[in-house]
Amino acid sequence: MTDLHRLSVREMAEGLKSAQFSSRELTQHYLDRIAKIDQHVKSYVTVTPEHALAQADAADGLLKSGMAGALIGVPLAHKDIFCTQGIKTTAGSKILDNFISPYDATVVSKAKAAGLVTLGKVNMDEFAMGSTSESSYYGATKNPWNLDCVPGGSSGGSAAAVAADLTPIATGTDTGGSIRQPASFCGLTGLKPTYGRVSRFGMIAYASSLDQGGPMARSAEDCAYLMNVMAGHDQKDSTSVNKDVDDYVADLNATTVKGLRIGIPKQYFNVQGLDADVKARVEESLKKLEEMGATLVEIDLNMTDAYVPTYYLIAPAEASSNLQRYDGVRYGYRAENPKDILDLYKRSRSEGFGAEVQRRILIGTYALSAGYYDAYYVKAQKVRRLIQQDFLKAFESVDVIAAPSAPTTAYKIGASLDPVEMYLGDIYTIAVNLAGLPAINAPVGFDANNLPVGLQLIGNYWSESQLLSVVHQYQQATDWHTKRATIAEENA
Ligand code: GLN
């Protein structure tokens, strides 16, 4: 079979179980595609062929023995923020260029235990700070729909690899939109779970009170399969919540769109900078959901103007604290010939961190400094609570809230947005992280340049099943999620 990469995860799993093809064949098929196509896309930082084929052989053994397990032998790629024992983990940074973790992240060990095959580690903005994947020390990843454009970020490598059919599914992380926005830019489905649903153990920290891992794939169904592997309580992460996990695959039809109340925040559709095509496609998708039986309810989210300033105080504040550990002594890059210990710290950090990371460390340190702590950090925390309350109030009258995932489609690599322009592009995603809510992106059409547009649905706490289910039903009634990126079409 030459088109194994066109199968859905369910079809892949069925094909493996009925021995239509082996995991070794499937894995080799993806490795061949990566070797051929990824020079153009640059989605992988590290490809691990020997490791992948060994895992594939082990999976084939398990499949032969009739071992149960939905995803045995199915390949995946991990965002290079998840620690992988024995395989380099860089977080897109020079400072971790030589870092080999002594242990696996919980998400990685869960994937292994489920029999998934790791093809490699995919690119990202340095320490997940960014919206384009350009800030990676390993160079910019390209958008498979148009190689001159960014794939979004920070999980741009995950998105580009799935969109170019260089892996069927990928893990991502979302601190302020890093799953949803690249999913939107690359025409994919991506789920940011409720804070605490997926373990953060071994996931390199950016802003710990916001960071959450989640699945990225072509469809809600594919995401549900990966979510079944990723979700769950973990004693090694004290913020992971000990609560029963849904069976996201079994629940794909559990919520019907009929009777679903979808909140449309008035403030969201008048945002300056909202692209006309994005607005039109999102509105068309809402119309479709209405035809399917949903009710659209206008709601107020009064705190919208506060999202960007609040997030861009809290996230850098936490980042400045988390990134103190990179001192040139304990991890990764170390400056050469230091004069003394202070020189070692200073130069290791100045030479090891890129410009955006340094900018955030400076902003965060400033916001946390003695004289400004109350005026900035504490105030931002109070506003954060108001933002959360705004959502909770809205959920008294609606089941889900609709929004674009991003105000624009993918823009050109090197468009040289100034930092504030880039931060403003996060307007639709960051409040969800501040409130700890789950949200999903689904592809809903294209702009005039044939670049994908995404719809975001935000749910109440622990409503991952509902979000996946609503998108699944939308995807049964539409075919946007089946459209293939240009480079995938050219290499069908
Ligand atoms: N673009 C946002 C930022 O730069 C979100 C990144 C993320 O979710 N990791 O912080």
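Asker: Just checking my understanding: could you explain the site of the ligand for this structure?
Answerer: In the region of the ligand, 15 residues are neighbours, and Thr 175, Gly 176, Ser 178, Tyr 206 and Tyr 311 sit closest. Within the contact set of the ligand, an oxygen atom lies 2.6 Å away from a side-chain nitrogen or oxygen of Tyr 311. Interatomic distance of 3.0 Å between a side-chain N/O atom of Asp 426 and a nitrogen atom of the ligand. Bound to the protein, the ligand loses 100% of the 290 Å² it would expose on its own. Partitioned by chemical class, the residues of the shell around the ligand number five nonpolar, seven polar and three charged.

Asker: Sorry if this is basic, but what is going on with the nonpolar core here?
Answerer: Nonpolar side chains in soluble globular proteins tend to end up buried together. Judged by nonpolar contacts, the single largest core of 148 residues is most densely connected at Phe 127, Tyr 307 and Phe 391. Look past the residues within four positions of Phe 391 in its chain and what remains in contact with it is Tyr 268, Leu 301, Tyr 307, Ile 401, Ala 431, Ala 435, Leu 437 and Ile 458.

Asker: Got a minute to help me understand the pairing of strand S5 (residues 189-192) in this structure?
Answerer: Moving residue by residue along a regular strand, the side chains alternate between the two faces of the sheet. Where burial is concerned, the two faces of S5 agree: the one with Thr 189 and Leu 191 and the one with Gly 190 and Lys 192 are both buried. As judged from the two bridges shared by S5 and strand S6 (residues 213-217), these two strands associate in the antiparallel manner. Bridge pairing in S6 places Gly 190 opposite Met 216. In this structure, S5 lies alongside strand S10 (residues 439-446), joined through three bridges in antiparallel fashion. Paired with Lys 192 across the strands is Ala 439, a residue of S10.

Asker: What is the right way to read the side chain of Asp 343 from this model?
Answerer: Tracing the chain through its elements places Asp 343 in helix H10 (residues 341-352). Residue classification places Asp 343 among the buried positions, given a relative accessible area of 13%. A polar atom in the side chain of Asp 343 sits 2.9 Å from the backbone nitrogen of Lys 339. In this view, Asp 343 contacts Asn 337, Pro 338 and Ser 348; residues no more than four positions away in its chain are not counted.

Asker: Even after reading the chapter, I still don't get helix H9 (residues 307-322), so can you show me in this structure?
Answerer: Three- or four-residue spacings in an α-helix give side chains the same orientation, since the helix completes a turn every 3.6 residues. Across its 16 residues, H9 extends 22 Å between first and last C-alpha, which sits within 8% of the 22 Å expected from 1.5 Å per residue. The element H9 is extensively covered by neighbouring structure, given that 14 of its 16 residues are classed as buried.

Asker: I would appreciate a short explanation of the packing of aromatic side chains in the present structure.
Answerer: Two descriptors summarise a pair of aromatic rings, namely the distance from one centre to the other and the angle between the planes of the rings. Under the definition given, this model contains 18 aromatic pairs. Pairing Phe 127 with Tyr 326 gives two aromatic rings, centres 5.0 Å apart and planes at 50°, and the pair type is tilted. Residue Phe 127 is found in the loop between strand S3 (117-122) and helix H5 (156-163), and its partner Tyr 326 is found in the loop between H9 and H10; the two are separated by 199 residues along the sequence. Accessibility expressed as a relative area gives 4% for Tyr 326, which makes it buried. Above the plane of the ring of Tyr 333 lies Lys 94, whose end atom (NZ or CZ) is 4.8 Å from the centre.

Asker: How should the pattern of salt bridges be read in this particular structure?
Answerer: Opposite charge on two side chains lets them pair, provided their charged atoms get close. Under the counting rule described, the total for this entry stands at 21 salt bridges. The residue Arg 347 makes a salt bridge to Glu 351 at a minimum N-O spacing of 3.3 Å. Note that Arg 347 and Glu 351 are positioned in helix H10 at a spacing of four residues, about one turn of the helix. We classify Glu 351 as partly exposed; its relative accessible area is 29%. Between Lys 483 and Asp 479 there is a salt bridge, and its shortest N-O distance comes to 3.5 Å. A relative accessible area of 31% places Lys 483 in the partly exposed class. Through salt bridges that share partners, Arg 10, Glu 14 and Glu 221 make up one connected network.

Asker: For this particular structure, what's the right way to read helix H7 (residues 220-230)?
Answerer: By the criterion of burial, H7 is predominantly enclosed, with ten of the eleven residues buried. Along H7, the residues that are buried comprise Ala 220, Glu 221, Asp 222, Cys 223, Ala 224, Tyr 225, Leu 226, Met 227, Val 229 and Met 230. Looking at the residues trailing H7, positive phi occurs at Gly 232, about 140°.

Asker: Looking at this structure, I do not really get unusual backbone geometry. What am I missing?
Answerer: Comment: phi is negative for the bulk of residues other than glycine, and the bulk of peptide bonds are trans. Omega for the peptide link from Gly 153 to Ser 154 comes to 5°, which places this bond in the cis form. Tracing the chain through its elements places Ser 154 in the loop between S3 and H5. A positive phi angle, close to 65°, is found at Ser 133, a residue other than glycine. Note that Ser 133 resides in the loop between S3 and H5. Residue classification places Ser 133 among the buried residues on the basis of a relative accessible area of 0%. The phi dihedral of Asp 165 is positive, around 60°, even though this residue is not glycine. Within the secondary structure, Asp 165 is located in the loop between H5 and strand S4 (169-173). Under the relative-accessibility criterion, Asp 165 is labelled buried at 1%.

Asker: I'm lost on a nonpolar patch on the surface in this one. Help?
Answerer: On the surface, a nonpolar cluster with roughly 360 Å² of combined accessible area is contributed by Val 329, Ile 341, Leu 342 and Tyr 345. Tracing the sequence through the fold places Ile 341 in helix H10.

Asker: Could you clarify how one ought to interpret the environment of His 51 in this entry?
Answerer: For His 51, the location among the structural elements is in helix H3 (residues 49-64). Between the alpha carbons of His 51 and Thr 118 there is a distance of 7.7 Å; along the sequence they are 67 residues apart. Not counting residues within four places of it along the chain, the set of residues in contact with His 51 comprises Ile 87 and Thr 118.

Asker: What am I meant to see in the pairing of strand S8 (residues 295-299) here?
Answerer: With five bridges joining them, strand S7 (residues 261-265) and S8 adopt parallel strand pairing. If you follow Arg 261 over to S8, its bridge partner there is Thr 295. Read as a crossover between parallel neighbours, the route from S7 over helix H8 (residues 276-291) to S8 is right-handed.

Thresholds, definitions, all that
- Residues numbered from 1 in each chain as written.
- Predicted model: local features only at pLDDT ≥ 70, side-chain atom pairs only at ≥ 80, totals over all residues.
- Heavy atoms only, no water.
- Near = heavy atom within 4 Å.
- Polar contact = N/O pair within 3.5 Å; in protein donor to acceptor, adjacent residues only side chain to side chain.
- Areas by Shrake-Rupley, 256 points an atom, 1.4 Å probe, with all protein chains shown as cover.
- Nonpolar A, V, L, I, M, F, W, Y, C, P; charged D, E, K, R; others polar.
- Core = buried A, V, L, I, M, F, W, Y, C linked by side-chain atoms within 4.5 Å.
- Buried < 20%, exposed > 50% of the residue type's maximum accessible area, 1.4 Å probe, protein only.
- Contact = heavy atoms within 4.5 Å.
- Helix = DSSP H or I, 4+ residues; strand = E, 2+ residues; numbered from the N terminus.
- Pairing = 2+ DSSP bridges.
- Expected span 1.5 Å × (residues − 1).
- Phe/Tyr/Trp six-rings, centres within 6.5 Å; stacked < 30°, edge-to-face > 60°.
- Lys NZ or Arg CZ within 6 Å of the ring centre and 35° of its normal.
- Salt bridge = Lys/Arg side-chain N within 4 Å of Asp/Glu carboxyl O.
- Patch = residues over 30% accessible without salt bridge, like charges linked within 9 Å, V, L, I, M, F, W, Y side chains within 5 Å.
- Right-handed = clockwise from strand over helix to strand, strands pointing away.

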